[in-house]
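Residue-level structure breakdown
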Amino acid sequence: MPGNRFGQLFTLESFGESHGPAIGGVVDGVPPGVPLDEGVIQPALDRRRPGQSRHTTQRRETDAVELLSGVFEGATTGTPVAFTIRNADQRSRDYSDIADRYRPGHADVTYDRKYGRRDPRGGGRASARETAVRVAGGAIAQAVLDHLLGGVRVRGCLVQVGGDAVSPEAWDWAAVAANDFFCPDPAAADRWAETLDRVRRDGSSLGAVVYVEADGLPAGLGEPVFDRLDADLAKALMSINAVKGVEIGAGFGAAELHGEENADAMTPGAAGPAFESNNAGGVLGGISTGQPLTARFAVKPTSSVRIPQPSVTRDNEATEIATQGRHDPCVGLRAVPVGEAMMRLVVADHLLRQRGQCGGWA
Ligand SMILES: Cc1cc2nc3c(=O)[nH]c(=O)nc-3n(C[C@H](O)[C@H](O)[C@H](O)COP(=O)(O)O)c2cc1C
């Protein structure tokens, strides 16, 4: 199936369905000699894993990654790095009642209209189970960045649940690992816990906004015109399940600024221009400035809700659907490690492209 591979020089090809035996990927373009084993990838998968708090789906998965190729004695060989993640908890019976009916907000209807058939178990290929592959690929990308460049840090957090946003003054990166929400504002995390308990009891769901950034990037990454760094990042983030909007830097807020407020003023710095602000989100003309690359993305509310909704059957007859299976009341939570992974893939790809065309970074 086309459309399952991402990147130009550093590529991730993903395969697998929610309830098949396994999901997995092939990462190609990895330079030789990059230190890599399962222990490099597993911690990233553990951050994305479901069932870690009452606020995420209770699907039980160990998400244990197995490397199949491209690695010898703890380092990459330069050949494709293939990996699998077995699906352990495949409770197909939870989903059997929706095989012939389209769940509103899901890809059931579009897969059927495109292919004429689909794997209905747990959403098949459209399930966010596939995002585990991206997270594993992102960990390999980070290993490449660490090996070639060093000092590139990609991190993300949840900044809004429903209409309730974090307070910028309370932002504390250290808090992100200390709550169930990847939230940088402990007070907001407490509010969200209460809100999501209520929403879950009501059988409903809420959307969210995720922030991701990469710092430690050199200036010069990104291609002008179609493969701009920000364009590739927008595509990468937009390709995550349930994402409905992406902003780079000041994003839609830039439309409300005057030119002199929005343009990031420069002064002479120790190693080239120093910027006084970062409304550009670290990109000018599609090329990194050396400032942090920053983006936000909006995640829609979980479509699987217990509240009955009108829909149609495969035979186009009226029906009603109320989801009985497991679901997250806010899938934005688990999208944080996925957003970080997609940013890592984009940065690693553009680092290799920059190295290929302009040299540098042995
Ligand atoms: C980490 C993650 C977990 C998700 N879990 C669920 C879920 O439990 N229930 C659900 O209805 N949608 C879930 N989704 C969203 C669906 O996969 C997605 O909405 C669906 O495939 C339709 O695709 P679209 O929303 O991108 O158009 C999740 C998304 C992400 C990123």
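Please refer to the structure higher up on the page.
Here's a quick rundown of the structure. Bear in mind that the values here come from a model prediction, so they are computed numbers and not experimental data.

1. A closer look at the overall build of the chain
- Secondary structure summary: the chain contains seven helices and 18 strands in total.
- The C-alpha atoms of the chain give 21 Å as radius of gyration, which agrees with the globular expectation for 362 residues (21 Å, within 12%).
- Across its three principal directions, the C-alpha atoms of the chain cover 65 × 50 × 35 Å.
- Of all 362 residues assigned to the chain, the portion counted as buried reaches 42%.

2. Looking at the sheet that holds strand β4 (residues 65-67)
- Reading across the sheet, the five strands line up as β1-β2-β3-β7-β4 and stay open at both edges, with antiparallel pairing between neighbours. Only two strands of the sheet have a single partner each, and these edge strands are β1 (5-6) and β4.
- Contacts from helix α3 (residues 131-148) reach β2 (11-16), β3 (22-28), β4 and β7 (81-86) within the one sheet, and its direction differs from that of β3 by about 30 degrees.

3. Re the site of the ligand
- Taken together, 21 residues lie around the ligand, and A128, N241, A242, S304 and R334 are the ones closest in.
- The greatest single-element share of the shell around the ligand, amounting to three residues, is contributed by helix α7 (residues 332-358).
- By residue class, the composition of the shell around the ligand is eight nonpolar, 10 polar and three charged.

4. As for the packing of helix α5 (residues 229-238) against α7
- Interaxial distance between α5 and α7 falls to 9 Å at its minimum, and their mutual angle equals 145 degrees. Here α5 runs over α7; the crossing is right-handed. Across from L229, D232, L233, A236 and L237 in α5, the residues of α7 making contact are G339, M342, M343, L345, V346 and H350.
- Class assignment of the residues belonging to the contact of α5 with α7 gives a composition of eight nonpolar, two polar and one charged.

5. Brief notes about the pairing of β7
- On β7, burial follows the alternation: V81, F83 and I85 on one face are buried, whereas A82, T84 and R86 on the facing-out side are not.
- With six bridges connecting them, β3 and β7 associate as antiparallel partners. Its bridge partner being in β7, G24 is matched across the sheet by T84.
- Summarising the sheet, β4 and β7 pair through three bridges and their orientation is antiparallel. If you follow V65 over to β7, its bridge partner there is I85.

6. Let's talk about the nonpolar core
- A136, I140, L158, C183, V210 and V347 are the most contacted members of the largest nonpolar core, which has 82 residues in total.
- Considering each element in turn, this core owes the most residues, 13 residues, to α7.
- Beyond its immediate chain neighbours, meaning those up to four positions away, A136 contacts G25, I41, A44, L45, V65, F83 and I85.

7. Points about α5
- When α5 is considered as a whole, its buried residues turn out to be L229, D230, D232, L233, A236 and L237. With its buried residues spanning 160 degrees around the axis, α5 presents them on a single face.
- Of the surrounding secondary structure, the elements contacted by the buried residues of α5 are β1, β11 (243-248), β14 (283-284), β15 (287-288), β16 (293-299) and α7.

8. Quick word on the sheet that holds strand β9 (residues 164-165)
- With antiparallel pairing, the five strands of this open sheet are ordered in space as β9-β8-β10-β16-β11. The sheet is open, and its two borders are formed by β9 and β11, each paired with just one other strand.
- In this structure, strand β8 (residues 153-161) lies alongside strand β10 (residues 208-215), joined through eight bridges in antiparallel fashion. Across the sheet, residue L158 finds its bridge partner in β10, namely V210.
- Across the sheet, α7 lies against β8, β10 and β16, angled at about 145 degrees from β8, the strand it touches most.

Cut-offs applied
Residues numbered from 1 in each chain as written. Predicted model: local features only at pLDDT ≥ 70, side-chain atom pairs only at ≥ 80, totals over all residues. Helix = DSSP H or I, 4+ residues; strand = E, 2+ residues; numbered from the N terminus. Rg over C-alpha atoms; globule rule 2.2 N^0.38 Å. Buried ≥ 20, exposed ≤ 12 C-beta atoms within 10 Å, placed from the backbone. Pairing = 2+ DSSP bridges. Contact = placed C-beta atoms within 7 Å. Axes fitted to C-alpha atoms, helices over the stretch in contact; angles between N-to-C directions. Near = placed C-beta within 6 Å. Nonpolar A, V, L, I, M, F, W, Y, C, P; charged D, E, K, R; others polar. Left-handed = near helix turned anticlockwise from the far one by under 90°. Core = buried A, V, L, I, M, F, W, Y, C linked by C-beta atoms within 7 Å. Arc of directions from axis to C-beta.

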